[in-house]
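Each chain, written out:
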Amino acid sequence: MPHIAVVGSGPSGVYTAQSLVQQGSVPDVRVDVLDRLPCPYGLVRYGVAPDHEKIKSLQNNLRTVLHEDRVRFLGGVEVGPALPPAKLLELYHAVVYCVGAAADRRLGVPGEELPGSWSATDFVAWYSAHPDARDDGFVRGVRTAVAIGVGNVAVDVTRMLARGAAELLPTDMPQAALDVLAASEVRDVYMVGRRGPSQARFTTKELRELATLPDTEVVVEEGELTLDPGYRDPVALPAAVRRNVEVLRSWAARPRRDAARRIHLRFFLRPVEIVEGGGRVAGVRFERTAPDGLGGVTGTGRHEEIGAQLVLRSVGYRGVPLEGLPFDPGSGTVPHLAGRVLRGGVVSPGEYVAGWIKRGPTGVIGTNRPCAKETVASLIEDAPAVVRKELAQDPLTGLLAAGVRPVEWDGWRAIERAETALGLTLGRGSVKIPDWAGLLDAARGASGA
Ligand code: NAP
């Protein structure tokens, strides 16, 4: 009976498991979905903003897959030095790595390490209750924040900074983060792009949402927008980009209103330094850029500083090498051929990749579906050769022998129940448990282990 391991239980891992059991081309297949965390769903649980309930409800679809008879969730299993890829290949017929892109890209400017300068992914991890998140309080004492970058993550963190307590209360955000954000005195949030509005990476739906926040005004500067030839004449722009530009144009035409908070969308400003004051972040110094006619920008030698007490660097994710797997540091991905892992340019039998570690950190959640399908199609094609060997035992027996104590589906269900119970004690809906001990206590309480 073919037994496949999928490493990572985010969307790409779950879609991979789904493709494996659905396509029927690997008869009697069994799939173990492994995750380093005791909780499944990857960035759907720990990346999608808490106020995006509709996207978060995708968890229900992912749950159906993980709950399938032929699929087994094994949380708390870290592939690494203690459980290397070579060991997994002994235990399983094939392994599909869907480990995402866990790190943030660096800006490479002075001051990046100052207190008060964080990657947006650190901030997201904190309000999403990731058990590895660091708690800095983030917004304590902050009146002005700068998000560097104009992708959807920058929009997420900008929106979360501008949300009021009443809007955050119904979310499953951990109580400590809710308390801090509810007491926030942030009044101005700058979201800053180094290129023009027609090169921004955010999607129109996410952009528009910024103007729906209560008591919050979105401020754009017409003079800055018109530096972009695509803004002045949007006819040739792709439809999705044109929609963004038209939203910005409508905002530029609106009279300014008074509001408790302001979101400033700025363009053609490239960060050159995170400025220090009193031992922590005091602002960001930008160089004004100008379009180079090729979609890029050039520096103008003119500078502008935006004073701020919090800087969130939101310039994209980056894949992290997994010891024992090949890695291309340039692209931050595992080299592959239609999802088959390449070692030294040669296909490594039984090893596959899907999701961000395969194609880089781009696209929306749904993009992972065709990506996973391509990988599974390769695996199915290879199955006659890959599945030929007999496995000595159920891989779980081998994992236990290697000292791993997985959190199985019942353990995860117990975490969910504990989060519902926690919410009840706080007068809220389900509230996420933010620490390893709390998660493992809840999970292990279920099995009595
Ligand atoms: P992203 O879409 O790649 O955007 C990164 C932004 O950072 C771009 O504006 C980029 O500008 C800028 N940037 C990169 N290097 C920079 C530098 N050195 N200095 C200044 N700016 C720099 O990344 P992301 O926002 O992290 O999103 C990652 C993926 O997750 C995307 O596919 C996104 O759509 C997805 N996502 C989706 C949602 C949603 O659907 N609601 C929510 C969150 C994330 P340039 O273009 O000039 O390089």
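The model shown is predicted, which means the values in this text are computed figures rather than measured ones.

(A) Expanded view of the site of the ligand. Near the ligand lie 23 residues; those nearest to it are Val150, Arg194, Arg195, Arg201 and Gly363. In the model, an oxygen atom of the ligand is placed 3.0 Å from a nitrogen or oxygen of the Val153 main chain. Separating a nitrogen atom of the ligand from a side-chain N or O atom of Glu206 is a distance of 3.1 Å. About the coverage of the ligand: the protein hides 86% of its 920 Å² of free accessible area. The biggest single contributor to the shell around the ligand is helix α7 (residues 152-162), with 3 residues. For the shell around the ligand, the per-class residue count stands at 10 nonpolar, 7 polar and 6 charged.

(B) A look at the domain arrangement of the chain. What the domain assignment reports for the chain is domain 1 (3-102 + 319-406) and domain 2 (104-317). Area buried by domain 1 at its contact with domain 2 is led by Tyr46, Pro50 and Asp51, which between them contribute 38% of it. Our count for the contact surface shared by domain 1 and domain 2 stands at 3 salt bridges. For Arg163, the salt bridge identified is with Asp51, shortest N-O distance 2.7 Å. Breaking the side of domain 1 that touches domain 2 down by element, the ones donating at least two residues are α2 (42-46) and α3 (53-56). Partitioned by chemical class, the residues of the side of domain 1 that touches domain 2 number 9 nonpolar, 2 polar and 5 charged.

(C) Quick peek at the sheet that holds strand β9 (residues 216-220). With parallel pairing, the 6 strands of this open sheet are ordered in space as β6-β14-β7-β8-β10-β9. Lying at the two open borders of the sheet, with one neighbouring strand each, are β6 (117-119) and β9. Mean inter-strand twist for the sheet, computed between neighbouring axes without regard to direction, equals 20°. Note that β9 and strand β10 (residues 261-266) share 5 bridges and pair parallel. Note on β10: the bridge partner recorded for Val218 is Ile263. Contacting β9 and β10, helix α13 (residues 239-253) runs over the sheet at an angle of about 105° to β9.

(D) Quick peek at the state of the cysteines. All chains considered together, the criterion is met by 0 disulfides. Free of any disulfide, Cys98 has its nearest cysteine sulfur in Cys371, 8.1 Å distant.

(E) Representation of the pairing of strand β12 (residues 280-291). Pairing analysis gives 8 bridges linking strand β11 (residues 269-277) to β12, with the strands arranged antiparallel. Across the sheet, the residue bridging to Pro271 is Phe286, located in β12. Connecting the antiparallel pair β11 and β12 is a turn made up of 2 residues, with Gly278 showing a positive phi of about 65°. In this sheet, strand β13 (residues 297-307) lies alongside β12 in antiparallel orientation, the contact comprising 8 bridges.

Basis of the calculations
- Residues numbered from 1 in each chain as written.
- Predicted model: local features only at pLDDT ≥ 70, side-chain atom pairs only at ≥ 80, totals over all residues.
- Heavy atoms only, no water.
- Near = heavy atom within 4 Å.
- Polar contact = N/O pair within 3.5 Å; in protein donor to acceptor, adjacent residues only side chain to side chain.
- Areas by Shrake-Rupley, 256 points an atom, 1.4 Å probe, with all protein chains shown as cover.
- Helix = DSSP H or I, 4+ residues; strand = E, 2+ residues; numbered from the N terminus.
- Nonpolar A, V, L, I, M, F, W, Y, C, P; charged D, E, K, R; others polar.
- Domains from an automatic or database assignment.
- Buried area = accessible area lost by both parts, 1.4 Å probe.
- Salt bridge = Lys/Arg side-chain N within 4 Å of Asp/Glu carboxyl O.
- Pairing = 2+ DSSP bridges.
- Axes fitted to C-alpha atoms, helices over the stretch in contact; angles between N-to-C directions.
- Contact = heavy atoms within 4.5 Å.
- Disulfide = S-S within 2.5 Å.

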